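# Remarks on the overall topology
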Amino acid sequence: MNVKLKSCISAWKEALGDEFADKRPETLRRYGANLTPYGAQPVAVLCPGDQNELRRVLEIASQHQVPLYPISRGKNWGYGAAMPSSEECAIVELSRLNRIIEVNQELAYAVVEPGVTQQQLYRYLQDHNLPLVMDVTGGPPEASLIGNIVERGYGQTQYSDHFLFSSGMEVMLANGRTVTTGFGRFENAKTTYLYKWGIGPVLDGLFTQSNFGIVTKVGVWLMPEPEYFGVFFFQVEDETVLCQVIEKLRKLRMDGTLTAATHLANDMRVLSALQQYPWEEAGGRFPLPEEIRKKVISRWGISRWNCAGGLTGSKPEVLSKVKRIRRELRGLCRVRFISERMLAWIRRLAPLFKLLRGVDLNQKLAIFGLMKGIPTEKPTLGCYWRKRCQAPASNLDPVADSCGVQWCAPVIPATTRDLTEMLTVTREITDRCGFELNVSLNLVTPRALSCIVGIFFDKEDAEQSSAARRCNEELHSRYIELGYIPYRSGTPYFGTYIKSSTSPTSTFDDVCQEIKKALDPANILAPGRYGIG
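The paragraphs below set out a description of the structure included in this document. Keep in mind that what you see is a predicted model, and the values were worked out from it rather than measured.

## Some remarks on the overall build of the chain
For the chain, the helix and strand inventory stands at 17 helices and 19 strands. A compact globule built from 533 residues would reach a C-alpha radius of gyration of about 24 Å, and the chain, at 23 Å, matches this within 12%. In the chain, which comprises 533 residues, the share counted as buried stands at 57%. Accessible surface computed for the chain: about 22900 Å², of which carbon and sulfur atoms make up 52%. Mean positive and mean negative side-chain charge positions of the chain (64 and 57 charges, respectively) differ by 5 Å.

## Regarding the packing of helix H6 (residues 239–254) against helix H10 (residues 315–329)
Between H6 and H10, the least distance of the axes is 10 Å, while the angle of their chain directions is 145°. Judged by the sense of rotation from one axis to the other, the crossing of H6 with H10 is right-handed. Contacts from Val 245, Lys 248, Lys 251 and Leu 252 in H6 reach Arg 324, Ile 325, Glu 328 and Leu 329 in H10. Grouping the amino acids of the contact of H6 with H10 by side-chain chemistry returns four nonpolar, no polar and four charged.

## Focus: the nonpolar core
The biggest cluster of nonpolar side chains holds 48 residues, and the ones touching the most others in it are Phe 234, Leu 249, Leu 419, Met 422, Leu 441 and Leu 449. Those elements that provide at least two residues to this core are strand E12 (228–236), H6, strand E14 (305–313), H10, helix H14 (416–433), strand E18 (439–443), strand E19 (448–458) and helix H15 (462–482). Formed by 33 residues, the second largest nonpolar core is a distinct cluster that contains Leu 35, Tyr 154, Trp 300 and Tyr 487.

## What about the environment of Gln 156?
Topologically, Gln 156 is positioned in the loop between helix H5 (145–150) and strand E8 (166–172). With 298 residues separating them along the chain, Gln 156 and Gly 454 place their C-alpha atoms 18 Å apart. Residues in contact with Gln 156, not counting those within four places in the same chain, are Asp 135, Val 136, Thr 137, Gly 138, Ala 260, Ala 261, His 263, Ile 367, Leu 370 and Met 371. At 3.2 Å, the side chain of Gln 156 and the side chain of His 263 are in polar contact.

## Here we look at the sheet that holds strand E1 (residues 21–22)
Spatial strand order, E1-E2-E4-E3: four strands in an open sheet with mixed pairing. Every interior strand has two partners, whereas the edge strands, E1 and strand E3 (68–71), have only one. Alignment of E1 against strand E2 (residues 45–46), held across two bridges, turns out to be antiparallel. Paired with Asp 22 across the strands is Val 45, a residue of E2. Running at roughly 160° to E3, helix H3 (residues 51–64) makes contact with E2, E3 and strand E4 (90–93) of the sheet.

The rules behind each value
- Residues numbered from 1 in each chain as written.
- Predicted model: local features only at pLDDT ≥ 70, side-chain atom pairs only at ≥ 80, totals over all residues.
- Heavy atoms only, no water.
- Helix = DSSP H or I, 4+ residues; strand = E, 2+ residues; numbered from the N terminus.
- Rg over C-alpha atoms; globule rule 2.2 N^0.38 Å.
- Buried < 20%, exposed > 50% of the residue type's maximum accessible area, 1.4 Å probe, protein only.
- Areas by Shrake-Rupley, 256 points an atom, 1.4 Å probe, with all protein chains shown as cover.
- Lys, Arg positive; Asp, Glu negative; His and termini not counted.
- Charge placed at Lys NZ, Arg CZ, Asp CG, Glu CD.
- Axes fitted to C-alpha atoms, helices over the stretch in contact; angles between N-to-C directions.
- Left-handed = near helix turned anticlockwise from the far one by under 90°.
- Contact = heavy atoms within 4.5 Å.
- Nonpolar A, V, L, I, M, F, W, Y, C, P; charged D, E, K, R; others polar.
- Core = buried A, V, L, I, M, F, W, Y, C linked by side-chain atoms within 4.5 Å.
- Polar contact = N/O pair within 3.5 Å; in protein donor to acceptor, adjacent residues only side chain to side chain.
- Pairing = 2+ DSSP bridges.

Below, the structure is given as structure tokens:
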């Protein structure tokens, strides 16, 4: 350890205490571990307990010129988790900044710090009997709300775009100054958390997928508990029919029939969330042989493509929407609808069904809970798909268990032509690299499909890890070549790659670098993240 770093860590220990300024090798290994085939260990892990301590951490880092990598809780699984942008960084974990500052029932919003988790806010709403619903992701219940907002992630409902349905950021810059966005800069503003745009330039987006500052507070919009809730779902075997279905769903999304995000997942995406790889049936072979695939998905009642979407409103409104969806999709697939009351009955029958058929219905129904704003760790089982050891029954920790997952997230136009091209390219690359085609298609906006391609592997298998890295890089290369730019990534590799792939006539990177120099001239915050700094 060089003298500069040693002096810096000593100052951090004095400011935070030994417990919260940690440089033990086992701690550094734990925070450097992640699900992707990439890796970088930090030089220290810092856990400030409030904004004053965070400001002091920044001040010490600036004095000693040691870069920092801020994380909320490090649960960004499949996109890098807590892994820093370089091995020169100290991680700043914000999990101790975990106050739910305000929940306003009348205007349906909450104000939270970065350490507040999905489960924490959900429990708060339940414990206080508040008739409000939050939008959640399929990530772990202990994932940060703000962490997902600043990564521009999405969930299940009409509030699925988490950045869009947030307001009033408070951000600490590298020099310790605090900036509030929107109307928050006015001392007596009453609509900071109600009206996103404020007056003048909109700064909020600068602090998402960047390294310009640390978001320390934000308003999260909630939904009134719906009068009536249900889920429509259907299955499709043929990809030609799937493309026709996408055209119909796009129309329904555009005309307002569908207001929530609609999700379509292929058989391997659904299966991996329900069970681990059937090693015994497959005789140790991978990717999954076709005859075994057909047998296993039949057991679970899974089709080649599976769609689900939530509907809310008054009972007549919801049933009217179901009729409209069925009318549009007539001749293509059979649309089923389950009301909340029916879901309750199915859950009661789940133990009997498991006894008779050996299938866990509660695992299958987890997606329906997500659509009602109920966090669950059940989708996390997918991280264990290629692991040969049995996944824990609860408290899943895929990082500690050396699971391997890399997400690729291209965004494509919601058209037959583009969907066909994306699936063709993805299948060709995943087949060649030895992985199952694992894809979900998410109609988060009316005009585009946000596609999530999963590469699942066993990190303890060097050959699989190498193939996963190769597959990830080939997929990103081809998607960008075709114009299907990923909406999100978290690995150090991607920041460098996206920068090199930008049009030579674009001034976007130059502008980002100029903003970085203005806000963080010493390049203290997450250098290199998303190719900035």
